[in-house]
Amino acid sequence: MADLSLITPIEYLKGVGPQKADVLKKELQVFTIGDLLQCYPFRYIDKTKFHKVKELHPDMIGAQILGRLVSLQELGEKRGKRLVGQFKDDTGTLELVWFQSLSWLKKTLSVGSAYIIYGKPNEFNGTLSITHPEMELYQQKEKKIGNMSMQPVYSSTEKLKKFNLDSRGIQKLQEVALATVFRTLIDPLPPYIIEQHGLMPYAQALVSIHFPQNEELMAAAIRRLKFEELFVIQLRLLRNKQLNTQRYRGHRFTEVGEKFNSFFNEKLPFPLTNAQKRVVKEIRLDTNTGAQMNRLVQGDVGSGKTVVALMSMLLAIDNGYQACMMAPTEILATQHYNGLKELLGDDICQIKLLTGSTPTKARRIIHQELEDGTLDILIGTHALIEDKVKFKNIGFVVIDEQHRFGVEQRAKLWRKNIIPPHMLVMTATPIPRTLAMTMYGDLDISVIDELPAGRKPIKTVHFFENKRLRVFGFMREEIAKGRQIYIVYPLIKESEKMDLLYLEAGLEGLLREFPMPEYQISIVHGKMTVKEKDFEMQRFVKGQTQIMVATTVIEVGVNVPNASVMVIENSERFGLSQLHQLRGRVGRGAEQSYCILMSSNKLSKEGKTRLETMVRTNDGFEIAEVDLQLRGPGDISGTQQSGILEMKIADLAKDQAILAEARNSVIQIFQEDPNLSAEKNHALVQILKQRGSAISWDKIS
Ligand code: ADP
Ligand code: MG
C-alpha cells in the first residue's frame, strides 16, 4: 500500500472504514487525514484539577468534578421534558439537567456509577446545577494516552458518538492519524518565517496540540497553528490584491472637472469634514494610477459617506464615464436617489432610480438611456446587476451597506464593462479592525473617523418597564416641541407569525396614550407590501405623523432629520450593531436627540453589557469591538456569507496581535519579492497553489 499522507481520504485510515468515514464527512467535514488533524480540540481540561461540589459557584466558567450519579429522573411534559440527575461527592449534591437526547442519555448513563463531569455551574432558587454536562465514566486505572495533564476536548455530535467518536474516540483517532502520517509531514511555512517569528515546527505543533505534554507546549502549538492559518489567509488576500493591480487596467480619471467643481463650489451645503476630504483625496489618487481601485470606506452612522460617494461619481462623469450606486433595499435606494437629487439640483447631471418596482416602461427608457450614454448616474437595488442593464461606459461603482450583498453580486458589477469599473464599497457601520483585515483584506481601506461638526452627541438612557409612564411623558414633550419619534420593536425571526407580537402588544398602550386625532402614528412592519410601507414611511418623512412604530425594517438608511427620539422596545433582544444602527436614525438634525432603551427586568449578563455599552459610548468603532468580543466573528452582521471567517483555530476576537504579525509579515514579503520568485519563498508559492479551500478566491474582488 502506498504511503498515507495528509491528502489521503479518511476512509483509508486504520480503524475508520466507509461508515465512520461517512459520519466524519457529514458531521465534521472531515474528508482527508489532514482534515482530521485540523479538527483541533476546542478546550482542554486540566486533569490535575478537580473541584468539590461545595466549591462551585455560578461565576465559574466551568468546573471538573468527580462524584457519583445517584439518581436519574424524567420530569415535565412535552417541550418542558427534561432529565434530572443527582450528582454527589463527599461535600454535597448537585443537579444535572438535560433537555435534549433524553432517550439516548437514559440508555447510556449508569445510575450508581462514578463519573468525572465537566460543565458550567448555575444556581437557580438556591440549587446548584449543571446543564448538559460532559460525562465520562471514571475508571480508576484509566489508561491515558501519552503523559498528559491537559486532556483535549473535541467537538462531537450524537451521530458521531454512536460510532464511538466522542471526544475520547476522536482523540484516539488523532493518535492513529498522527502515527500514520508523521513521517510525511512537511512544514508548509518556509524555515526563515518559522525562525523570524519564533514558531514551533509544524509536525511538533500537530503533536502538541492533540497530545500536549504541558501547558507551555500546548500554548506554543496553538500559537504556531493560529499564525499559520492567519498567515495563509493574508497571503492569499494580499496576493489577490496584488494580482488585481497588475492584471486589471483601470479607467484613468486624470482630471477634476467641471461637474465636480461646480458641485463642490456651488451646491455642497456644508463644508466637508477633514476625514471626508482625506477620503475623497484617497479616491482621486487611486483612480488616477491606471490600476483598478477596490476600496472600502468605513465610517460610523452619520459620518457622511454618501457625499463622498457622490463626489467620486462626479469625478467619474467628469472623465467621461457613467457611475452607479447600489443599495440593499428599495427604501434605501429611494432615499439615496432623493437625497442625491436634492444635493445635485437639476443641472449638474442626469440621474435615475431603478428598483424592482420601476414600471416596465420607465425601465425600458432607463435601459436605453444607459446604453446611449444619456444617463450619468444610476441608483438602485439588486435590479442594477441584472444582465439587461448595460452601460455605455461604466467607470465607477458604489456599493452601499456592503454586508447585505454577496461577493457574487460584487463580481457581477465588475463585468459591466470591458475594463472593470472602480469599486467603492461602503459599510453600514464600522467593522472591527481584525474583521476588516480579513473580510476585506484585499481592499484598500479608508476610514471616516469624524462626524460633521455641530452634531450633538445622542443621549442614551436605559429604562426598565416601571419607567414607562415617564417615557410617555417625555415623548409628549418632544412632540409638543415639534419633534418626531421612532419606536422600534424586535423582529422575531424564528416565527413569521410572531413578527408582529411585540409590536401589537405595545401598540395598544401607545394608541391609548397618544390618541387620534391629536396624534398620528405611522406603522411599518415586515408583513406589509413595499407600497404600504412606503406610504407609511412617506407620511412620517413629510411630518404628517409624529410617531413611527416599526419592526426593524427601518434599521438601514432612513433619514428624517426632524426625528429626535428613538425608543427601542425590548432592547435586550437586539444585537449591539443593530442597536447602534437604530440609534443612528436620530441625531441627524440640529436638535438634541435621545435614544431610550426599554428592557425587561430580566437581563442576561451579555444583554446587560450590550445596553451598558450603548449608554456609555456613541463611538461605532468601539461598539463594534465590544460586539466582536461578545459574539465572536461569525455572528457579526454581514459576516455570515463570508466563508473566509470560518477558521479552524484562529479567533478574530482574540487574536488581534497574531493577525497583525501575520499580515505585516506577508506585506513585507511582497515588498521584498513581489512575484515570490526567490528560492526561500518557494514554499509560499506552493501554499498558494495547493492549499485550496471551500472559498473561491477568484470571486473575492
Ligand atoms: P452615512 O455615513 O451614515 O451614510 P450620510 O451620508 O447619510 O451618513 O450623512 C448623514 C447626514 O449628514 C446627511 O444628512 C448629510 O447630508 C449630512 N452631512 C454629511 N456630511 C456633512 C458635513 N460635512 N457637514 C454637515 N453635514 C453633513
Ligand atoms: Mg449611508
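Conventions we followed
Residues numbered from 1 in each chain as written. Chains lettered and ligands numbered in written order. Predicted model: local features only at pLDDT ≥ 70, side-chain atom pairs only at ≥ 80, totals over all residues. Heavy atoms only, no water. Helix = DSSP H or I, 4+ residues; strand = E, 2+ residues; numbered from the N terminus. Rg over C-alpha atoms; globule rule 2.2 N^0.38 Å. Buried < 20%, exposed > 50% of the residue type's maximum accessible area, 1.4 Å probe, protein only. Contact = heavy atoms within 4.5 Å. Areas by Shrake-Rupley, 256 points an atom, 1.4 Å probe, with all protein chains shown as cover. Lys, Arg positive; Asp, Glu negative; His and termini not counted. Charge placed at Lys NZ, Arg CZ, Asp CG, Glu CD. Near = heavy atom within 4 Å. Polar contact = N/O pair within 3.5 Å; in protein donor to acceptor, adjacent residues only side chain to side chain. Nonpolar A, V, L, I, M, F, W, Y, C, P; charged D, E, K, R; others polar. Core = buried A, V, L, I, M, F, W, Y, C linked by side-chain atoms within 4.5 Å.

**Q** Got a sec to walk through the overall build of the protein chain? Specific residues and values, please.
**A** Each helix and strand counted, the protein chain has 23 helices and 22 strands in total. For 701 residues, the compact-globule estimate of 2.2 N^0.38 gives 27 Å, and the C-alpha radius of gyration of the protein chain, at 29 Å, lies within 12% of that figure. Summarising its shape, the C-alpha atoms of the protein chain cover approximately 85 × 70 × 45 Å along the three principal directions. Per-residue burial for the protein chain yields a buried fraction of 52% across its 701 residues. In the protein chain, once contacts between residues fewer than 6 apart in sequence are set aside, the share between residues at least 24 apart is 73%. Of the roughly 33,500 Å² of accessible surface on the protein chain, a fraction of 51% belongs to carbon and sulfur atoms. Placing the 92 positive and 82 negative side-chain charges of the protein chain at their respective mean positions leaves the two points 3 Å apart.

**Q** I'd like a description of the site of ligand 1, backed by residues and values.
**A** Neighbouring ligand 1 are 16 residues; Pro271, Gln276, Gly302, Thr306 and Arg455 lie closest to it. A distance of 2.9 Å is found between a nitrogen atom of ligand 1 and a backbone nitrogen or oxygen belonging to Pro271. Contact distances for ligand 1 include 2.6 Å between an oxygen atom and a side-chain N or O atom of Arg455. When ligand 1 is considered free in solution it has 570 Å² of accessible area, and contact with the protein chains removes 79% of it. Of the residues contributing to the shell around ligand 1, the split by class is 5 nonpolar, 7 polar and 4 charged.

**Q** Break down the nonpolar core for me, with residues and values.
**A** Ranked by size, the top nonpolar core spans 41 residues in total, and within it Phe263, Met313, Leu314 and Phe396 carry the most contacts. Per element, the largest residue contribution to this core is 10 residues, and it comes from helix α11 (residues 305-318). Apart from residues no more than four positions distant in its own chain, Phe263 is found in contact with Leu268, Val307, Leu310, Met311, Leu314, Leu343, Leu344 and Ile348.

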